[in-house]
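Fold and geometry: a report
The chain contents come next:
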Amino acid sequence: QVQMVESGGGLVHVGDSLRLSCTASGATSSDYFSDHHMSWFRQAPGKERELVAWSSTHFTTAFGEFVKGRFTLSRDNTKMSLVLTMNNLKPEDTAVYYCARHVHSNAFDSSGYDSWGQGTQVTVSS
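This is a predicted model, so every value here is computed, not measured.

A word on the sheet that holds strand β1 (residues 3-7). Read across the open sheet, the 4 strands follow the order β1-β3-β8-β7; overall the sheet is antiparallel. This sheet does not close on itself; its edge strands, each paired only once, are β1 and β7 (71-76). Going across the sheet, the axis of each strand differs from the next one's by a mean of 15°, ignoring polarity. Bridge count between β1 and strand β3 (residues 18-25): 5 bridges; the pairing is antiparallel. From the neighbouring strand, Ser7 faces β3, where its bridge partner is Ser21.

The structure is reproduced here in structure tokens:
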């Protein structure tokens with residue numbers, strides 16, 4: 001079974017940066033990754049899971065409104081890697097961040113994704 005593996009989270013201070021990485025574990029072919037749009041979601045305690053960043057198969061990107069130019073997203077299909085670089089972090093960015101493969105429906109709807117990983121915790125201290 002293929003699962004995304006996230007890494008790079010941690011405890012940082014307001015204004016700091018983090019680089020989150022995600023790779024597909026268990027995939028026998030890079031097509032598993034390269035043939036699909038990919039996204040990062042996040043979920044804070046007591047809140048719904050929300051889309052952070054989305055990458056199309058052709059490297060077009062889109063971000064949640066709250067990002068406001070602070071994050072960038074890149075993907076390497078040969079390595080089955082999706083990297084989220086987060087700058088100018090704020091306390092409200094504190095959440096568990098997940099990577100997932102977009103398989104159907106609206107990009108903002110988490111039910112349209114599979115291969116969810118365990119997530120990586122990001123904590124931004126003021």
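Having seen the structure, we can now continue with the description.
Across all of its chains, the model carries 4 aromatic pairs by this definition. For the ring pair Phe41 and Tyr113, a centre distance of 4.8 Å and an interplane angle of 80° mean the geometry is edge-to-face. With a gap of 72 residues between them, Phe41 in strand β4 (residues 37-43) and Tyr113 in strand β10 (residues 113-114) connect regions that are remote in the sequence. No difference in accessibility class separates Phe41 from Tyr113, as the two residues are buried. Three or more aromatic residues link up through ring pairs in this structure, and these residues are Phe41, Tyr98, Tyr113 and Trp116. Between Arg49 and the ring centre of Tyr98, over which it is positioned, the NZ or CZ distance is 4.0 Å. Stacked on the ring of Trp116, the Lys or Arg Arg49 has its end atom at 4.5 Å from the ring centre.

With phi around 50°, Lys68 is a residue other than glycine that occupies positive phi space. Note that Lys68 resides in the loop between β6 (61-63) and β7. With a phi close to 50°, Asn88 is a non-glycine residue in the positive phi region. Within the secondary structure, Asn88 is located in the loop between β8 (81-86) and β9 (95-102).

Looking now at the nonpolar core. Counting 27 residues, the largest nonpolar core has Trp40, Val52, Leu82, Leu84, Met86 and Tyr97 as its most contacted members. Among the secondary structure elements, those contributing two or more residues to this core are β3, β4, β5 (50-55), β7, β8, β9 and β11 (120-125). Ranked by the residues each element gives to this core, the list is headed by β3, at 4 residues. When neighbours within four sequence positions are excluded, Tyr97 is seen to be in contact with Glu6, Leu20, Trp40, Phe41, Arg42, Val52, Leu84, Met86, Gly119, Thr120 and Val122. Listed in part, the 6 residues of the second largest apolar core include Phe41, Leu51, Trp54 and Tyr113.

Calculation notes
- Residues numbered from 1 in each chain as written.
- Predicted model: local features only at pLDDT ≥ 70, side-chain atom pairs only at ≥ 80, totals over all residues.
- Heavy atoms only, no water.
- Pairing = 2+ DSSP bridges.
- Helix = DSSP H or I, 4+ residues; strand = E, 2+ residues; numbered from the N terminus.
- Axes fitted to C-alpha atoms, helices over the stretch in contact; angles between N-to-C directions.
- Phe/Tyr/Trp six-rings, centres within 6.5 Å; stacked < 30°, edge-to-face > 60°.
- Buried < 20%, exposed > 50% of the residue type's maximum accessible area, 1.4 Å probe, protein only.
- Lys NZ or Arg CZ within 6 Å of the ring centre and 35° of its normal.
- Core = buried A, V, L, I, M, F, W, Y, C linked by side-chain atoms within 4.5 Å.
- Contact = heavy atoms within 4.5 Å.

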